[in-house]
Number of protein chains: 4
Amino acid sequence: MSASLSRPRVGVWLIGARGSVATTVVTGCAAVTAGLHPPTGMVTETPAFTDSGLPALSDLVFGGHDTLDCPLPKRAETLTAGGVLPPGTATAVTAELVAADREIRPGGPTPGDVGSETELITAFADDIRDFVHRQALERAVVVNVASTEPASQGGPGSPLPPSTLYALAALRAGCPYVNFTPSEGMHHPVAAREAERSGLPYAGRDGKTGQTLLRAVLGPMFAQRALTVRAWSGTNLLGGGDGAALADPAAAAAKNAGKERVLADTLGAVPEGEAHIDDVPALGDWKTAWDHIAFDGFLGTRMILQTIWQGCDSALAAPLVLDLARLTARAHEAGMSGPLGALGFYFKDPVGEGPVGLSEQYEELVRFGRSLGRADGEGRGARSVRDTEETGEAL
Amino acid sequence: MSASLSRPRVGVWLIGARGSVATTVVTGCAAVTAGLHPPTGMVTETPAFTDSGLPALSDLVFGGHDTLDCPLPKRAETLTAGGVLPPGTATAVTAELVAADREIRPGGPTPGDVGSETELITAFADDIRDFVHRQALERAVVVNVASTEPASQGGPGSPLPPSTLYALAALRAGCPYVNFTPSEGMHHPVAAREAERSGLPYAGRDGKTGQTLLRAVLGPMFAQRALTVRAWSGTNLLGGGDGAALADPAAAAAKNAGKERVLADTLGAVPEGEAHIDDVPALGDWKTAWDHIAFDGFLGTRMILQTIWQGCDSALAAPLVLDLARLTARAHEAGMSGPLGALGFYFKDPVGEGPVGLSEQYEELVRFGRSLGRADGEGRGARSVRDTEETGEAL
Amino acid sequence: MSASLSRPRVGVWLIGARGSVATTVVTGCAAVTAGLHPPTGMVTETPAFTDSGLPALSDLVFGGHDTLDCPLPKRAETLTAGGVLPPGTATAVTAELVAADREIRPGGPTPGDVGSETELITAFADDIRDFVHRQALERAVVVNVASTEPASQGGPGSPLPPSTLYALAALRAGCPYVNFTPSEGMHHPVAAREAERSGLPYAGRDGKTGQTLLRAVLGPMFAQRALTVRAWSGTNLLGGGDGAALADPAAAAAKNAGKERVLADTLGAVPEGEAHIDDVPALGDWKTAWDHIAFDGFLGTRMILQTIWQGCDSALAAPLVLDLARLTARAHEAGMSGPLGALGFYFKDPVGEGPVGLSEQYEELVRFGRSLGRADGEGRGARSVRDTEETGEAL
Amino acid sequence: MSASLSRPRVGVWLIGARGSVATTVVTGCAAVTAGLHPPTGMVTETPAFTDSGLPALSDLVFGGHDTLDCPLPKRAETLTAGGVLPPGTATAVTAELVAADREIRPGGPTPGDVGSETELITAFADDIRDFVHRQALERAVVVNVASTEPASQGGPGSPLPPSTLYALAALRAGCPYVNFTPSEGMHHPVAAREAERSGLPYAGRDGKTGQTLLRAVLGPMFAQRALTVRAWSGTNLLGGGDGAALADPAAAAAKNAGKERVLADTLGAVPEGEAHIDDVPALGDWKTAWDHIAFDGFLGTRMILQTIWQGCDSALAAPLVLDLARLTARAHEAGMSGPLGALGFYFKDPVGEGPVGLSEQYEELVRFGRSLGRADGEGRGARSVRDTEETGEAL
């Protein structure tokens, strides 16, 4: 008890709080805290971040919005049956799942909604503020892990996409914001203007979990070796909710834009080739990504690299979400604001400025971690944007 | 004419001068010089090295040792039939192939040899010196591109491996030395002592061309993402002379040691799994490498990455050999000596000190290129080893 | 000379006579006849067909229609540069290429055409008849190897697809017809009625060359082992003209229908999963097909088979086209008529009745070959449809 | 109760009764009988075998020999944790696992054994006979599913391999025998002589479960299409006990001989290429097999097929073991004797005569199933070997 009084607790407010990623985040945080599993996949648990002043995993408190109402323990059971969560783990942390479940509020807009956008934003912001007060949190970070929205066509006058409503609610509630999805969120012009004014730090977008993670190391390899990539083709097979969501061509287009950006950034040009995303319900939460890269060697010799990645997206995403929540909370505490370009390591389409190859992004992240350790931590506003220029990670 | 008088020419003395790699080196250098092909795969032709003061491709002169006597134009014809060289290229540069062929001397030791090791070294060194004088070269670099030797068992008193005889001949002739193969060369204690005394720069060993190139970017990816690699298994299929040479388990062991070192260096530990090298004559000079990587994600979720690399080793190696000859010649000119750790980008088992991930090695290489540009170039001896410490690339 | 008088020669009239497949057919037939290459890939050259009374390769005479006008020797040169034809082969058979080139007539309809469909059919039929008379052929077979047409939307009154115009011209000229493409050809109701009346044999459609060949053996494997296929996903990458043609979704739909039929036929149901066809010009005439098959084993255990096929479509198709021309010519000679169901071995979407697994189709083909050997060969009409019922291959 | 009196029950005596395969057999038979899972992977449960007079799954009674003593329910728990058995299944059939566990007797020879080979055989035969009497079985089939033995070097006088001791015990006890492993078993000359005299049917050897199953359909595909396979290379990665057993080169040699036989049988010649079996404990009971097939098409064009099979060996083997037990028991009942060549569908290295392609083997199996249905079933001896000649499946 005294611990919880003396150590400030940090909220993690998940948009899509009943999804596979969110469920894995909550289950995994509790399981690692309890010592049931090592923190595999969490970069912030490696020695490089020991002195960064990050909130402890045991100090994270979860809540969020979702339009569904399946209870988290039930969702965790389904994920266990699907092989995403190891047998026994969800049962061992039922208490934490129940606690998080109690902090989930209905999302929107849903078909029945009659309120205006402004009303929705206000209601969402109130939900977040209530969570912070009820749980006596020092601060909270809003993280979007909801299903990918269709790419917006939106001319002036068209409705704001839901992800942007939530992003605006985060700003309204005074919370840093992380967009782990390709949805528009803080990229919408309306939100971008608000973000600038808010003085809050934010990060995104579109987590770099599998195929794109690979591309972020293979692209630089070809470039550094002066090998000419002629065509880069790829197919993703995935089931689960994500597969169904991305079967919508507009949602797939949003997703693929990020993948393509990684190639363009690292190769200097977008090569020939398409990227497919297929909904294959039989695969459940597992994903297979095949990449076929045709490249030229010396004297134009044609060569080929193929990669096959078989992973579980939720298990790949969850530790990154925990990393991001901790890093962004600490950046907020250290008074940083604006786009956190130093978190490009985590994203396909990073905000702010930063290097494009994964290794350089990793080095940048480690520098950022060190700068967080040096920050005084006297809270938001204590450091101006100028102060952080030296490390270049937050503008 | 005045150009050739005023511009110093640099010799490239190839051990294994009639092999596939050497033939591709000579053909490719001429073809790129003639504008028949872009310099794909040559890092030293990218903008980062424009001001490094490297010798021009048109100033390189080729010669070497080999135990075979098939003329280079004939070898080039065979490589063209096998799809390694593009149709028409070898014919277009026949004159250059004939010229290089005239500078090839018999290698050894061969079964009939009766001379002592010392006699062989002296004879090889004389061949190299004769080449430098006859061609009026400013300097020459010795590059080992011969077939892989069996890993030496050698206790005291056992004969020196051929690669070491050539390395000692290079030192005797006052030439920098590059070992592109896994053979012992300058790593033999006898040669290592001589190298230290010689004040000459040297580099190696074992070119990082295909499967290991990949491992050098994938290994860091897993490490940086805190993903636990449990097993890394691989099979290489290759024909050509290399396939036959590596069918010898002792030669394969030498090759695999380098591959394993890359994993150990980048992952921090050697995971489970074996690496096979199969001789498959039907594949000719083409190589297929399959890698299967079993890794753990968050909460121990089992995931798998597989890669299939289909390339032509000679076409992958040749531009790197040209890079290394130019860089080492320039390092010699700049008075550097000892192991060139900054060339780790090119090798599985690099000499000297340096980073282990490919991206960091690339950055180091670029820094080295810049330091070469700043070097006064007043020739060997003008700068002491101490002078180069600042950039850390030559100790 | 006396040989050519005494041995009846057979025409092969290729629709798409300047395409990659046709060029490979003409080049390959000449090269095998000249003993330059073994007849790899030609089933009719195996011992099982020795006594089938097939026309000799040296007795085949080529001609055809095409809308392009690049000369065949030039096309063959391009295919040689692209690695489809081996170096030297096209040059060695230039005479035969020139001879075939002289027998190619302009195809259609082309944008400028003003004639009616009937006029086009008549003109095409005249071209074929002229060919037969000019070359003093005993008979000719018409084979469609043109680019895939978009799947017809065609309600009543819509124009006949070009492939159907050619099919009708073949009937008009009294020639057997083979459709090696997924285009409509003889499947159009108008042509189907004509075919029935004509008493001519015909075969098709859509050659089973690569990915579908594999599916025709893997599908039965799963079925025979009582393993439940849950999803079968695939991606095809191909360049060349075929890649561009199939980038048209309607053409791809036509192609995919055939692939799907093979799965439905052999598995008994169409599993989940999509099939993509991507135009990747960098691959030239080479094709890569990746298949991912998720299946259930005992107690529902999830297992996966993946296949990667890297082939050259023209080289796969050409020997089958030669097989089909010979078999269909002989069937015509033997008086067979109607759909040749016994040729299902060659097609994704076979006409007539026949087994669905490749092995059963092979056995059926061998039986058909034997029945051709027993046929009296007194020409068309000598055997009635009834006579062939016993083997079931031609109704 | 009355059911068990009126319906004859059949024993399945498993050599290696505590191994992964045996545990999956016992668990799966009970689970399918209980309706918990469909009989996926069991060919004998398909309509083609409805009238073959096979014993019902519910009439099978399990026992066996093993040198280990871990109880079956415990083994099943481990397999559940490893993902081989689905969650909940083993628990649901604990009673059946306990019942089978009670019928397991210690195997041998073990290091401490002092008895002669004859004594061991007698003891094993007594164990089997006791099982038959105690359980009041109509008959029992002995099936070897133990770990692969090293290939015997055995000259005259060397000890009989354990698998042969068990095979001789089966004959002594009057039981049909099935060898699902590559071990010598009934192939040893001593056992072969005994088998001939015994009048008992037997089958084997080496179950065709994964990579070889694929080869049995791909080999015929290449042969039927007259494509020349130049090299067939493969690597198997597997953990579990099987991986460790096959890490012994002599055991791997035994296993690979079967794989090679399938290629030789279906292609007509053994192509270039090696087959590796690697022990990768991290993979547990899962196996990955990569095959790389280099083949020539028309005019010598080089093409490549690669396959990647990811399966669980126990789940692949178990339904085949149940099939074989039922078919062999029924063959015994029908009075057949000698090698059951018609069961070649199941084996890499089949006894007796039979076709080599999987499809032909399947047809042969279906014919065999029909002949079993027609058999009078009056028990062993009722039909002579001659009587079964007509169908060719038992000589």
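In this text the structure is predicted, and so the values were computed from the model without any measurement. (Residues numbered from 1 in each chain as written. Chains lettered and ligands numbered in written order. Predicted model: local features only at pLDDT ≥ 70, side-chain atom pairs only at ≥ 80, totals over all residues. Heavy atoms only, no water.)

Peer 1: It is not clear to me how unusual backbone geometry should be interpreted in this structure. Could you clarify?
Peer 2: Omega for the bond connecting Gly204 of chain B with Arg205 of chain B falls within 30 degrees of zero, at -15°, which places this linkage in the cis form. Note on placement: Arg205 of chain B falls in the loop between β6 (201-204) and α9 (211-224). We note that Leu299 of chain A has phi near 60°; this positive angle belongs to a residue other than glycine. Position of Leu299 of chain A among the secondary structure elements: in the loop between β9 (286-296) and β10 (302-312). The exposure class assigned to Leu299 of chain A is buried, which follows from its relative accessible area of 3%. The backbone phi angle of Asp206 of chain D is positive, close to 75°, even though this residue is not glycine. Mapped onto the fold, Asp206 of chain D is located in the loop between β6 (201-204) and α9 (211-224). A relative accessible area of 3% means that Asp206 of chain D is categorised as buried. (Helix = DSSP H or I, 4+ residues; strand = E, 2+ residues; numbered from the N terminus. Buried < 20%, exposed > 50% of the residue type's maximum accessible area, 1.4 Å probe, protein only.)

Peer 1: What is the right way to look at the nonpolar core in this model?
Peer 2: It is characteristic of soluble globular proteins that their nonpolar side chains tend to be buried jointly. By size, the foremost hydrophobic cluster in this structure holds 162 residues, and its most contacted members are Leu14 and Leu218 of chain C together with Leu14 and Leu218 of chain D. In terms of nonpolar packing, the next biggest core, distinct from the first, is built from 161 residues, Val32, Met42, Leu54 and Ala90 of chain B among them. (Core = buried A, V, L, I, M, F, W, Y, C linked by side-chain atoms within 4.5 Å.)

Peer 1: Sorry if this is basic, but what is going on with the packing of helix α12 (residues 313-333) of chain C against helix α13 (residues 358-374) of chain C here?
Peer 2: Helix-helix packing is described using two parameters, namely the angle between the two axes and the distance between the axes. Residue and element names in this part refer to chain C. Direction vectors running N to C along α12 and α13 enclose 45°, while the axes themselves pass 10 Å from each other. Overall, the two elements α12 and α13 adopt an arrangement that is oblique. As for how α12 packs across α13, the hand of that crossing is left-handed. Mapping the contact onto sequence places Leu327, Arg330 and Ala331 in α12 and Leu365, Phe368, Leu372 and Gly373 in α13. Across the contact of α12 with α13, the residue classes break down as five nonpolar, one polar and one charged. (Axes fitted to C-alpha atoms, helices over the stretch in contact; angles between N-to-C directions. Parallel < 35°, antiparallel > 145°, perpendicular 65-115°, else oblique. Left-handed = near helix turned anticlockwise from the far one by under 90°. Contact = heavy atoms within 4.5 Å. Nonpolar A, V, L, I, M, F, W, Y, C, P; charged D, E, K, R; others polar.)

Peer 1: Sorry, what's going on with the relation of the copies chain A and chain B here?
Peer 2: Relating one copy of the chain to the other requires a rotation about an axis plus a shift along that axis. Structural alignment of chain A on chain B gives an RMSD of 0.0 Å, achieved by rotating through 180° and translating 0.0 Å along the axis. The relationship between the two copies is best expressed as a two-fold rotation axis. No C-alpha of chain A lies nearer the rotation axis than that of Thr307 of chain A, which sits 2.2 Å from it. Most of the interface of chain A is mirrored in chain B: 100% of its interface residues are interface residues there too. (Least-squares fit on C-alpha atoms with pLDDT ≥ 70 in both.)

Peer 1: Can you walk me through the sheet that holds strand β1 (residues 10-15) of chain D in this structure?
Peer 2: Residues and elements named next belong to chain D. With respect to topology, seven strands assemble into an open sheet ordered β3-β2-β1-β4-β5-β6-β11, the strand pairing being parallel. A strand with exactly one partner marks an edge of an open sheet, and here the two such strands are β3 (104-106) and β11 (338-339). Pairing geometry for β1 and strand β4 (residues 139-144), over six bridges, is parallel. Bridged to Trp13 within β4 is Val142. Contacting β1, β2 (60-66), β3 and β4, helix α6 (residues 117-134) runs over the sheet at an angle of about 160° to β2. (Pairing = 2+ DSSP bridges.)

Peer 1: Explanation requested: the relation of the copies chain C and chain A in the structure shown.
Peer 2: The operation relating chain C to chain A is a screw motion whose rotation component is 180°, with 0.0 Å of axial translation and a residual RMSD of 0.0 Å. Most of the interface of chain C is mirrored in chain A, where 100% of its interface residues again form contacts.

Peer 1: So what exactly am I meant to see when it comes to the packing of helix α7 (residues 162-172) of chain D against helix α8 (residues 189-198) of chain D here?
Peer 2: Residues and elements named next belong to chain D. It is the contact of α7 with α8, at a shortest axis distance of 10 Å, that shows an interaxial angle of 15°. By the angle between their directions, the pair α7 and α8 is classed as roughly parallel. The element α7 and its partner α8 pack so that their crossing is left-handed. From α7, Thr164, Leu168 and Leu171 reach across to α8, where they touch Val190, Ala191, Glu194, Ala195 and Ser198. A breakdown of the residues in the contact of α7 with α8 according to their chemical character gives five nonpolar, two polar and one charged.

Peer 1: How should the pairing of β2 of chain D be read in this particular structure?
Peer 2: Residues and elements named next belong to chain D. For β2, the tally of buried residues reaches seven of seven residues, placing the bulk of the element in the interior. Here β2 shows no split at all, with Leu60, Phe62, Gly64 and Asp66 on one side and Val61, Gly63 and His65 on the other all buried. Sheet analysis places β1 next to β2, joined by six bridges and oriented parallel. Each bridged residue has a counterpart across the sheet, and for Gly11 the counterpart in β2 is Val61. Sheet analysis places β2 next to β3, joined by three bridges and oriented parallel. Pairing of His65 across the sheet is with Arg105, part of β3.

Peer 1: Honestly, the domain arrangement of chain A in this entry has me stumped. Any pointers?
Peer 2: Interface size is commonly expressed as the accessible area that is lost once the parts come together. Residue and element names in this part refer to chain A. Structurally, chain A comprises domain 1 (10-206 + 315-391) and domain 2 (211-312). On a C-alpha basis, the centroid separation for the pair domain 1 and domain 2 is 26 Å. With 21 residues of domain 1 in contact, the opposing surface of domain 2 contributes 25 residues. A combined buried area of about 1800 Å² lies between domain 1 and domain 2, and 62% of that area is made up of carbon and sulfur atoms. Where domain 1 touches domain 2, the interface holds one salt bridge. (Domains from an automatic or database assignment. Buried area = accessible area lost by both parts, 1.4 Å probe. Salt bridge = Lys/Arg side-chain N within 4 Å of Asp/Glu carboxyl O.)

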